[in-house]
Amino acid sequence: MINIDHINEYVILAETLNYSKAAEKAFITQSALSRHIVSIEKSLGVELFDRTTRVVALTEAGEKTYEAFLDIQARLQELEEALDLLQSEKQECLRICCPNYWMGDYLEPILLSPQLSKSRCKFILEAHQPIDSLARVAQKTSDFFFGLGMPTHLAREIKMEHVTDEPACVLVTKDDPRSKCEYLTLAELEHDTLVLIEEGNGGYDAMNQAIIGLFESRGVHIKETKYANQVETLGTALLACRGVSVMPAALRHMKRDYLACVPLNDEFRFPLCFYYRRDFHNLAIPLLLDAARDYTHAREQEYIQQ
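Residues numbered from 1 in each chain as written. Predicted model: local features only at pLDDT ≥ 70, side-chain atom pairs only at ≥ 80, totals over all residues. Heavy atoms only, no water.

Asks: I tried to follow the overall build of the chain on my own but got confused; where do I start?
Replies: If you tally the helices and strands in the chain, you get 10 helices and 11 strands. In terms of overall size, the chain is more extended than a compact globule, its C-alpha atoms giving a radius of gyration of 32 Å where 306 residues would be expected to give roughly 19 Å. Overall, the C-alpha framework of the chain stretches about 105 × 40 × 30 Å when taken along its three principal axes. Buried positions account for 42% of the 306 residues belonging to the chain. Within the chain, residue pairs in contact and separated by at least 24 positions form 76% of the contacts whose partners lie at least 6 positions apart. Surface exposure of the chain reaches about 17100 Å², of which carbon and sulfur atoms provide 51%. Positive and negative side-chain charges of the chain, numbering 32 and 46 respectively, have mean locations separated by a distance of 1 Å. (Helix = DSSP H or I, 4+ residues; strand = E, 2+ residues; numbered from the N terminus. Rg over C-alpha atoms; globule rule 2.2 N^0.38 Å. Buried < 20%, exposed > 50% of the residue type's maximum accessible area, 1.4 Å probe, protein only. Contact = heavy atoms within 4.5 Å. Areas by Shrake-Rupley, 256 points an atom, 1.4 Å probe, with all protein chains shown as cover. Lys, Arg positive; Asp, Glu negative; His and termini not counted. Charge placed at Lys NZ, Arg CZ, Asp CG, Glu CD.)

Following this line, the structure appears as structure tokens:
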């Protein structure tokens, strides 16, 4: 059987009629090219080049072989294009779940990045709260979970990959004078009622501990701690007690006419991570993580410049 690389080399030599130029174009030595041409001649049982003169010339059999090899090259090109199309039509669908307030700031632009738009994977976004999202990944009904890197409980079979860090914000009611501030410091929250998300609900225990630890490390005392039973009722809990809440900045997307989201002027950040099963092996994983880190790095640089 004739080697396809030798066929390509033969076509180059037939078109240049110069061993030196053909070898250079084929990125091989001239002696290797000569051996490959002889190998083709032995396979076909005919001489393809006239060796009676100093000028390289095709024999009649060489001309017919050249035309046949061109046809082979064209058919191989058509086959490669057909296989690429077939593969693209069989895109693998990967499911990513996360709370809806992360989608606009992170997941949607990440999935629109050039790295992922060229991949053959199709990503499907699903909105679920953290504890449900982790359960779906563990049960293999979702492939990835994107959310806070502060899991209260993390099963051994789940891997957590850090992507970026989210600035904190202060949620206050709009009738609070501080709602008009450009930013707030923790010192300005001294002796306020701090509203967190109910412990044990949605796996927020670790996040609550981190927020309380933040106040303690800065020497800021809170009046009391109250709890909303879930993220969606955080606004009504704040309205009821006229307290404050320190949350990831993405919660500004919770549209509530009576709430204001004011940036917290502090180095504290909420880690954001992708979660997936350790036994889930897919070429899309490094692509997704690289795209996420590239996007979040560019986003952070733009935020610094502003």
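Asks: Explanation requested: unusual backbone geometry in the structure shown.
Replies: Glycine aside, negative phi is the norm for most residues, and most peptide bonds take the trans geometry. Of note, the phi angle at L17 is positive, near 50°, even though the residue is not glycine. Summarising the element assignment, L17 is placed in the loop between α1 (4-16) and α2 (19-26). Judged by its relative accessible area of 37%, L17 falls in the partly exposed class.

Asks: Just to check I follow, could you spell out the nonpolar core for this structure?
Replies: The tendency in soluble globular proteins is for nonpolar side chains to be buried as a group. Counting 64 residues, the largest nonpolar core has W102, F123, F144, M207, F274 and L288 as the members making the most contacts within it. In this structure, F123 is in contact with L94, I96, L111, L116, A284 and L288, ignoring residues within four places of it in sequence. Of all hydrophobic cores here, the second largest spans 17 residues; its members include V11, L13, L33 and V56. (Core = buried A, V, L, I, M, F, W, Y, C linked by side-chain atoms within 4.5 Å.)

Asks: How should I be thinking about a nonpolar patch on the surface in this particular structure?
Replies: On the surface, I4, I72, L76, L79 and L83 cluster together to form a nonpolar patch covering roughly 380 Å² of accessible area. Per-element accounting of the nonpolar patch gives the leading share, 4 residues, to helix α4 (residues 60-89). As for its position among the elements, L76 is in helix α4. (Patch = residues over 30% accessible without salt bridge, like charges linked within 9 Å, V, L, I, M, F, W, Y side chains within 5 Å. Salt bridge = Lys/Arg side-chain N within 4 Å of Asp/Glu carboxyl O.)

Asks: What is the right way to look at the environment of A155 in this model?
Replies: Structurally, the position occupied by A155 is in the loop between β5 (144-148) and β6 (158-173). A sequence separation of 17 residues divides A155 from A138, and the C-alpha atoms of the two residues are 8.0 Å apart.

Asks: I would appreciate a short explanation of the pattern of salt bridges in the present structure.
Replies: Pairing is possible between side chains that carry opposite charge, provided their charged atoms lie close to one another. Scanning all chains against the criterion turns up 13 salt bridges. Salt-bridge contacts for R252 lead to D105; the nearest nitrogen and oxygen are separated by 3.0 Å. Highlighted residues: R252 in the loop between β9 (245-248) and β10 (259-263) and D105 in helix α5 (residues 103-111), separated in sequence by 147 residues.

Asks: I tried to follow the pairing of strand β11 (residues 269-277) on my own but got confused; where do I start?
Replies: Each regular strand displays side chains that alternate between the two surfaces of the sheet. Counting buried positions along β11 gives 8 out of 9 residues, so the element sits mostly inside the fold. Bridge count between β5 and β11: 4 bridges; the pairing is antiparallel. The residue bridging L148 from the neighbouring strand is L272, located in β11. In terms of strand pairing, β6 meets β11 through 9 bridges, oriented antiparallel. (Pairing = 2+ DSSP bridges.)

Asks: I would appreciate a short explanation of the packing of aromatic side chains in the present structure.
Replies: Aromatic ring pairs are reported here in terms of the distance separating the ring centres and the angle at which the planes meet. Applying the stated rule across the entire model yields 13 aromatic pairs. Ring centres of F144 and F274 lie 6.2 Å apart, and the angle between their planes is 75°; on these two criteria the pair is classed as edge-to-face. Placement of F144 in strand β5 and of F274 in strand β11 is noted, with a sequence separation of 130 residues between them. Note on F144: relative accessible area 1%, which makes it buried. Note on F274: relative accessible area 0%, which makes it buried. (Phe/Tyr/Trp six-rings, centres within 6.5 Å; stacked < 30°, edge-to-face > 60°.)

Asks: What's the story with the side chain of H36 in this structure? I'm lost.
Replies: On the secondary structure map, H36 appears in helix α3 (residues 30-44). Not counting the four nearest positions on each side in its chain, H36 is found in contact with H6, E9 and I28.

Asks: Please clarify how the state of the cysteines should be interpreted in this entry.
Replies: By definition, a disulfide links the sulfur atoms of two cysteines through a covalent bond. For the structure shown, the criterion picks out 0 disulfides. The thiol of C97 is not disulfide-bonded; the next cysteine sulfur, from C98, is found 7.4 Å away. (Disulfide = S-S within 2.5 Å.)

Asks: Honestly, the packing of α1 against α2 in this entry has me stumped. Any pointers?
Replies: How two helices pack is summed up by the angle between their axes together with the distance between the axes. Where α1 contacts α2, the two axes come as close as 9 Å, and the packing angle between them is 140°. With respect to α2, the element α1 is oriented oblique. Our pair here, α1 against α2, has a crossing hand that is right-handed. Residues E9, I12, L13 and T16 of α1 form the contact with α2, whose own contacting residues are Y19, A22, K25 and A26. A per-class count over the contact of α1 with α2 returns 5 nonpolar, 1 polar and 2 charged. (Axes fitted to C-alpha atoms, helices over the stretch in contact; angles between N-to-C directions. Parallel < 35°, antiparallel > 145°, perpendicular 65-115°, else oblique. Left-handed = near helix turned anticlockwise from the far one by under 90°. Nonpolar A, V, L, I, M, F, W, Y, C, P; charged D, E, K, R; others polar.)

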